[in-house]
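Architecture and fold: a report
Here is what each chain is made of, one letter per residue.
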Amino acid sequence: MKTLYQPGKAGGKNLLLLHGTGGDETSLVEIARFLDEDSQILAFRGEIEEDGMNRFFKRNGLNQFDIASLEAESDKLLQAIVAESDKYGVALEDWILVGYSNGANIAAHLLLERKTPLRQGIFFHPMSLGVQTQTFDLADKRVWLSYGGENDPIVSQASFDELVDAFEKRHANVTVEETLMGHQLNMEELTAARNWLG
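Throughout what follows, the structure given in this document is the object of discussion.

Right, let's talk about the pairing of strand β6 (residues 95-100) for a bit. Of all six residues in β6, six are buried, a share of seventy percent or more. Neither face of β6 is exposed, since Trp95, Leu97 and Gly99 on one face and Ile96, Val98 and Tyr100 on the opposite face are all buried. Where strand β2 (residues 14-18) and β6 come together, five bridges link them in parallel fashion. For Leu16, the partnering residue across the bridge sits in β6 and is Leu97. Summarising the sheet, β6 and strand β7 (residues 120-124) pair through five bridges and their orientation is parallel.

As a further point, take helix α5 (residues 187-197). Among all positions of α5, only Glu189, Leu190, Ala192, Ala193, Trp196 and Leu197 are buried. One side of α5 carries all its buried residues, which in axial view fall inside an arc of 160°. Exposed and oriented more than 90 degrees from the buried face of α5 are Met187 and Asn195. Lining the buried residues of α5 we find β2, α1 (29-35), β6, β7, β8 (142-147) and β9 (173-178). Between the side-chain oxygen of the N-cap and the backbone nitrogen of Glu188 there are 3.1 Å, and the N-cap of α5 in question is Asn186.

Let us look at helix α3 (residues 102-113). With 12 residues, α3 ought to run about 16 Å at 1.5 Å a step, and its terminal C-alpha atoms sit 16 Å apart, in line with that. The buried fraction of α3 is high, at 12 of 12 residues. When we look at burial in α3, the residues that qualify are Asn102, Gly103, Ala104, Asn105, Ile106, Ala107, Ala108, His109, Leu110, Leu111, Leu112 and Glu113.

Pairing in this open sheet of seven strands is mixed, and the strands run β1-β3-β2-β6-β7-β8-β9 from one edge to the other. With one partner strand each, in any of the chains shown, β1 (3-6) and β9 form the two edges of the open sheet. In this sheet, neighbouring strand axes are inclined to one another by 15° on average, regardless of whether the strands run parallel or antiparallel. Where β2 and strand β3 (residues 40-44) come together, five bridges link them in parallel fashion. Of the residues in β3, the one forming a bridge with Asn14 is Gln40. In the packing of α3 onto the sheet, the strands contacted are β2, β6, β7 and β8, and the crossing angle to β6 comes to about 140°. The strands that α5 touches are β2, β6, β7, β8 and β9; relative to β7, the one it contacts most, it runs at about 175°.

The rules behind these values
- Numbering of residues begins from 1 in every chain and follows the order in which that chain's sequence is written.
- Owing to the predicted nature of the model, reporting of local features is limited to residues with pLDDT of at least 70; listing and counting of side-chain atom pairs is limited to 80 or more, with chain, interface and lining totals taken over all residues.
- Hydrogens are left out, water is left out, and the side-chain values use all remaining heavy atoms of the structure.
- Throughout this description, buried means an accessible area under 20% of the type-specific maximum (1.4 Å probe, protein chains only), exposed means over 50%, and partly exposed covers the range between.
- Every helix listed is a DSSP run of H or I at least four residues long, and every strand listed is a run of E at least two residues long, numbered separately from the N terminus.
- Two strands make a pair as long as DSSP finds a minimum of two bridges between them.
- The directions from the helix axis to the C-beta atoms are what the arc is built from.
- The contact criterion used is simple: two residues touch if any of their non-hydrogen atoms lie within 4.5 Å.
- Throughout this description, a polar contact denotes any pair of N or O atoms lying within 3.5 Å of each other; where both atoms belong to protein, one of them has to be capable of donating a hydrogen while the other can accept it, and for residues adjacent in sequence the pair is counted only when both atoms sit in side chains.
- Each residue after the first adds 1.5 Å to the expected span of a helix.
- Axis definition: a line fit to C-alpha positions, over the contact stretch in the case of helices; interaxial angles, taken between N-to-C directions, run 0 to 180 degrees.

And the structure:
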């Protein structure tokens, strides 16, 4: 799996970046630097290609997810995270997952469906993938999620709420930021995420 690593400065956060559909390992670097200019960065490129665009798992149409691909790619991503973390000497629990859209979806799926030391996430415009097979407690998890409101053509209110509920009913510490700016990232939510991170 193709990755990008950038060292940080003393006191900086450890940010693990997962891009949206059509992005790559460089897509969220500028956003990471906005969130914390001193951050240590590890970014991954999704290995699924859809019409020339990178993704982290297959789909069979808009919001029609290939669950077998989701599960297989989640395992591959987690293995890659473990390997890269060992390479750079970062404990898994010290990473903060930062994902947008498709990247946020697989990041949230990792926390919900895999027992892992990963415990913090900033998820821009995520949605429920309709998979809830686990019930283990998430009291050690801390997540921030943003939603673009009724102007988001991809993430519905119901799907977003379902994801939030999945975290809350298993006792995760959840913060929600809702804007009316659609599916695109905007300064309002980026500032809110930076404040939460700080």
